[in-house]
Amino acid sequence: MGKGLFAKKSFSERSVIFEEEPLVACQFSWNAKCKYRACDHCLRPLETAEENARRLTGNTNLILPYPECCTTKKDTIVSCEKCGVEYCSPDCLTSANSQYHQTICLGTHERNGIHPLELLDEAWRNIHFPPETNSVMLIVRLLSRIVQCDDPQLAISQILQFCHRTVNEDNALAHKLLGYKFSDQIDKLRTLMQQAFPHETIQQFVTVEGFKSLLALIGTNGQGTGTSALSQWVSEVSKLPLADLEKTNLDQFIDKLYQDIDDHTGSFLNNEGVALYMLQSAANHSCLPNAEVSFLHNNTKLSLVALRDINEGEEIFISYLGECDLQRSRVSRHRELMENYLFECECEKCLKECDNFYITSDEDEDIDV
């Protein structure tokens, strides 16, 4: 559980409680392999909405109406001169260089698969097939921040502010993150990480226990992010003052578009990644949350939005579970929370259901209660 967040003033339903830039963020390892293009720093899409739709449908002749509603700015895209990594703007390139990229830049446009970071990325991909839920490259950027920071101890202290557990708990969560089938790969990943970072300042994190603690940290605190040029276009065209017939035609076009995408690509639609947020990570879980994480700016800037009116001084709760998991039985929710976060929920919803011993979720039929 987090340290707890409390409202410093009252918030109305759907209002933004706060917004926060990530301490560090990265794309999932499979994005590039699957030809997803996003800023390597903030995940803002680098495809236009039309390019995005053509790739997702497999229809290279597709034309999107109302192209003025596309929010991608192709003329601001830049890349690292040394390695070719792309960014949505010079500002993101500058931020990446100043925070971590100088340390992990491969220094060449060639990808020959022999650099420790390339080997690490490939090893992770072999463990985690799409859809991913985390990335070892988040640890790479955390360690790079320490190496590049003028005050390495400050960067280390920021990492240590995240939730801490016992060594045994870290071991369990590290294995859970990889999947027990691949738990024997931890030392291989650690060795590759050690080869990529021969720096004294981060040695405490590349020991056996230190590396497992970082795996546990990203496993429990990593926040999934997603951006989409197409979804932004859909959002913008929905605001157009169209005549009824035009609106009907547009709705039918979008419905068919998403059906074509589902037929060709399935549900892997967004530029996906993971990030760490200092403030959001302090929020505790509830199966009846009063706030939710949202990404209103189509990048990694996080917005925490109120789901109902929140009074000054009231604790702000988010859900660590997905929407589908929240609809499952108390037993199922507790199992997920214990396996992934090592705590037993005592929220308002769980306490109300604690005397109801009936299992209603299909996935709980095999649980011995």
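For the structure, see preceding data.
Values in this document were obtained by computation on a predicted structure and should not be read as measured data. (Residues numbered from 1 in each chain as written. Predicted model: local features only at pLDDT ≥ 70, side-chain atom pairs only at ≥ 80, totals over all residues. Heavy atoms only, no water.)

### Here's the deal with the packing of aromatic side chains
Considering all chains together, one arrives at five aromatic pairs under this definition. An angle of 35° between the planes, with centres 6.1 Å apart, marks the rings of tryptophan 30 and phenylalanine 129 as tilted. Here tryptophan 30 is found in helix H1 (residues 30-33), whereas its partner phenylalanine 129 is found in the loop between helix H4 (116-127) and helix H5 (137-148), with 99 residues between them in sequence. By relative accessible area, phenylalanine 129 is classed as exposed at 52%. One aromatic cluster is present, formed by Tyr320, Tyr341 and Phe343 through successive ring pairs. (Phe/Tyr/Trp six-rings, centres within 6.5 Å; stacked < 30°, edge-to-face > 60°. Helix = DSSP H or I, 4+ residues; strand = E, 2+ residues; numbered from the N terminus. Buried < 20%, exposed > 50% of the residue type's maximum accessible area, 1.4 Å probe, protein only.)

### Re the nonpolar core
Counting 54 residues, the largest nonpolar core has Leu120, Ile139, Leu143, Met193 and Phe197 as its most contacted members. The greatest single-element share of this core, amounting to seven residues, is contributed by H5. Setting aside residues up to four positions removed in sequence, leucine 120 forms contacts with Val136, Met137, Val140, Leu189, Leu192 and Met193. Formed by 26 residues, the second largest nonpolar core is a distinct cluster that contains Ala275, Cys287, Leu326 and Phe343. (Core = buried A, V, L, I, M, F, W, Y, C linked by side-chain atoms within 4.5 Å. Contact = heavy atoms within 4.5 Å.)

### Section: unusual backbone geometry
Proline 131 follows proline 130 through a cis peptide bond whose omega is -5°. Looking at where proline 131 falls in the secondary structure, it is placed in the loop between H4 and H5. Positive phi outside glycine occurs at arginine 14, with the angle close to 75°. Residue classification places arginine 14 among the partly exposed positions, given a relative accessible area of 47%. Even without a glycine there, the phi angle at tyrosine 66 is positive, about 50°. Within the fold, tyrosine 66 resides in the loop between helix H2 (49-57) and strand S4 (78-79).

Keep in mind that these numbers describe shape and distance, not what the molecule does.
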